[in-house]
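# Summary of structural features
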Amino acid sequence: MSDKPFAIGLIETQGFTAVMEAIDTACKAANVTILGKEKLGGGYITIVIKGDVAAVRAAVDAAKPK
């Protein structure tokens with residue numbers, strides 16, 4: 001594992017389709033790693049991503065609904 005500093009980003013979605021779309025969009029938009037997901041209840045799921053600050057920001061912005 002690298003000792004370089006990194007940022008953590010969270011993307012909250014509702015439903016399986018939205019989760020897959022958010023993951024796909026985030027990974028295509030920037031060089032980020034998916035650390036995992038957390039089920040929150042009521043169909044909400046939070047995706048946890050990791051990367052450098054600019055990449056995480058770009059990935060989260062890209063995954064926002066239009």
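What comes next concerns the included structure.

About the criteria used
- Residues numbered from 1 in each chain as written.
- Predicted model: local features only at pLDDT ≥ 70, side-chain atom pairs only at ≥ 80, totals over all residues.
- Heavy atoms only, no water.
- Phe/Tyr/Trp six-rings, centres within 6.5 Å; stacked < 30°, edge-to-face > 60°.
- Lys NZ or Arg CZ within 6 Å of the ring centre and 35° of its normal.
- Patch = residues over 30% accessible without salt bridge, like charges linked within 9 Å, V, L, I, M, F, W, Y side chains within 5 Å.
- Areas by Shrake-Rupley, 256 points an atom, 1.4 Å probe, with all protein chains shown as cover.
- Salt bridge = Lys/Arg side-chain N within 4 Å of Asp/Glu carboxyl O.
- Helix = DSSP H or I, 4+ residues; strand = E, 2+ residues; numbered from the N terminus.
- Buried < 20%, exposed > 50% of the residue type's maximum accessible area, 1.4 Å probe, protein only.
- Arc of directions from axis to C-beta.
- Contact = heavy atoms within 4.5 Å.

### With respect to the packing of aromatic side chains
The full count for this structure, using the stated rule, is zero aromatic pairs. We note K50 situated over the ring of F6; from NZ or CZ to the ring centre the distance is 4.5 Å.

### A look at a nonpolar patch on the surface
Where nonpolar side chains cluster on the molecular surface, the patch consists of F6, I8, L10 and L35 and spans about 400 Å² of accessible area. As for its position among the elements, L10 is in strand β1 (residues 7-14).

### Section: helix α2 (residues 53-63)
Taken as a whole, α2 has its buried residues at A55, V56, A59, A62 and A63. Down the axis of α2, the sector holding all buried residues measures 135°, keeping them to one side. Residues V53, A54 and R57 are exposed on α2 and point more than 90 degrees away from its buried face. If you follow the buried residues of α2, they end up packed against β1, α1 (16-29) and β3 (44-51).

### Let's talk about the environment of Y44
Along the chain, the position of Y44 falls in strand β3. The class for Y44 is partly exposed, based on a relative accessible area of 38%. Considered as a pair, Y44 and T13 are 31 residues apart in the sequence and their alpha carbons are 5.6 Å apart. Y44 has contacts with E12, T13, Q14, E38 and K39, leaving out every residue within four places of it along the chain.

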